[in-house]
Amino acid sequence: MLQYLITQQHYYLALKLFSALGCGLIAGVFFAFSTFVMNALGRLQPAQGITAMQSINITVINPLFMAVFLGTAAACILLAISSLLRWHQPGAVYLLLGSLLYLFGTFGVTIVFNVPLNEALARVEPDSSIGASLWSSYLANWTIWNHIRAAAALAAAASLTIALSDRGA
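Residues numbered from 1 in each chain as written. Predicted model: local features only at pLDDT ≥ 70, side-chain atom pairs only at ≥ 80, totals over all residues. Heavy atoms only, no water.

Q: What should I look at first to understand the overall build of the protein chain in this one?
A: Each helix and strand counted, the protein chain has 5 helices and 0 strands in total. When the helices and strands of the protein chain are listed from N to C terminus, the series reads α-α-α-α-α. When the 169 residues of the protein chain are sorted by exposure, 39% land in the buried category. Considering only contacts within the protein chain whose residues lie at least 6 apart along the sequence, 80% involve residues at least 24 apart. Carbon and sulfur atoms form 73% of the exposed surface of the protein chain, whose accessible area is close to 9300 Å². One way to put it: in the protein chain the 6 positive side-chain charges average out to a point 18 Å from where the 4 negative ones average out. (Helix = DSSP H or I, 4+ residues; strand = E, 2+ residues; numbered from the N terminus. Buried < 20%, exposed > 50% of the residue type's maximum accessible area, 1.4 Å probe, protein only. Contact = heavy atoms within 4.5 Å. Areas by Shrake-Rupley, 256 points an atom, 1.4 Å probe, with all protein chains shown as cover. Lys, Arg positive; Asp, Glu negative; His and termini not counted. Charge placed at Lys NZ, Arg CZ, Asp CG, Glu CD.)

Spelled out as structure tokens, the structure:
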């Protein structure tokens with residue numbers, strides 16, 4: 001029985017660590033887009049910027065990125081449930097806060113805001129007048145939502161890191 005509890009604690013620690021690292025990694029990716037990638041794309045002619053972003057939006061759907069992005073969301077769901085079941089334990093509030101920040105502020109914002117913007121951009125011809133018109137609003141709107149999801153992922157990583165201390169303080 002004791003061995004089982006120790007093994008369970010190791011899995012729980014690994015889940016918390018994976019979640020904290022996943023949130024930090026995703027925060028870094030989104031931070032890069034917010035601080036220089038989108039600015040660089042915005043300096044290009046609209047057709048070139050659209051073509052580059054369309055390519056990015058295709059290549060981001062790859063096994064490694066998706067494993068981290070979706071795996072972190074799945075781990076955060078498990079941690080949110082676990083934090084509620086272990087509410088009396090130190091760090092539970094940080095687990096819940098970090099999980100919710102990632103699930104709503106990063107994953108949710110991506111699904112509700114950034115993905116629809118990407119889908120609209122995918123439907124335009126880069127060298128069309130519609131594409132050029134869409135591009136300027138796309139840059140502004142996509143980047144604002146990206147700032148939010150980057151900040152949420154970073155805050156989630158911080159909260160989950162605090163929870164790793166087992167004392168939650």
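There's plenty left to go through after this.
Q: Would you explain the side chain of Arg149 in this entry?
A: Tracing the chain through its elements places Arg149 in helix 5 (residues 129–164). An unpaired buried charge is present at Arg149: no salt bridge exists, and Glu119, the closest side chain of opposite charge, is 12 Å distant. Of note is the side chain of Arg149, whose polar atom sits 2.8 Å from the side chain of Asn146. When sequence neighbours within four positions are dropped, the list of residues in contact with Arg149 reads Phe30, Gly105, Thr106, Val109, Thr110, Asn114 and Trp142. (Salt bridge = Lys/Arg side-chain N within 4 Å of Asp/Glu carboxyl O. Polar contact = N/O pair within 3.5 Å; in protein donor to acceptor, adjacent residues only side chain to side chain.)

Q: It is not clear to me how the nonpolar core should be interpreted in this structure. Could you clarify?
A: In terms of nonpolar packing, the biggest core is built from 21 residues, with Cys23, Ile26, Phe69, Cys76, Leu95, Tyr102 and Leu160 touching the most fellow members. Those residues in contact with Phe69, other than ones at most four positions away along the chain, are Ile26, Phe30, Tyr102, Thr106, Phe107 and Thr110. Ranked by size, the runner-up nonpolar core spans 12 residues in total, among them Leu41, Leu121, Val124 and Trp142. (Core = buried A, V, L, I, M, F, W, Y, C linked by side-chain atoms within 4.5 Å.)

Q: How do you make sense of the packing of aromatic side chains when you look at a structure like this?
A: Ring pairs (aromatic) are described by centroid distance and by the angle formed between their planes. This structure, assessed with the given rule, holds 8 aromatic pairs. Centroid distance Phe69 to Tyr102: 6.4 Å. Interplanar angle 65°. Geometry classified as edge-to-face. Highlighted residues: Phe69 in helix 3 (residues 63–85) and Tyr102 in helix 4 (residues 92–122), separated in sequence by 33 residues. Neither Phe69 nor Tyr102 differs from the other in exposure class; each is buried. Measuring from centroid to centroid gives 6.4 Å for Tyr138 and Trp142, while their planes differ by 25°, and the two rings are stacked. Of this pair, Tyr138 and Trp142 both sit in helix 5, 4 residues apart, roughly one helical turn. Each member of the pair Tyr138 and Trp142 is classed as buried. Joined through ring pairs, the aromatic side chains of Phe30, Phe65, Phe69, Tyr102 and Phe107 make up one cluster. Its end group placed over the ring of Tyr12, Arg86 keeps NZ or CZ at 3.8 Å from the ring centre. Just above the ring of Phe30 sits the side chain of Arg149; from NZ or CZ to the centre is 3.7 Å. (Phe/Tyr/Trp six-rings, centres within 6.5 Å; stacked < 30°, edge-to-face > 60°. Lys NZ or Arg CZ within 6 Å of the ring centre and 35° of its normal.)

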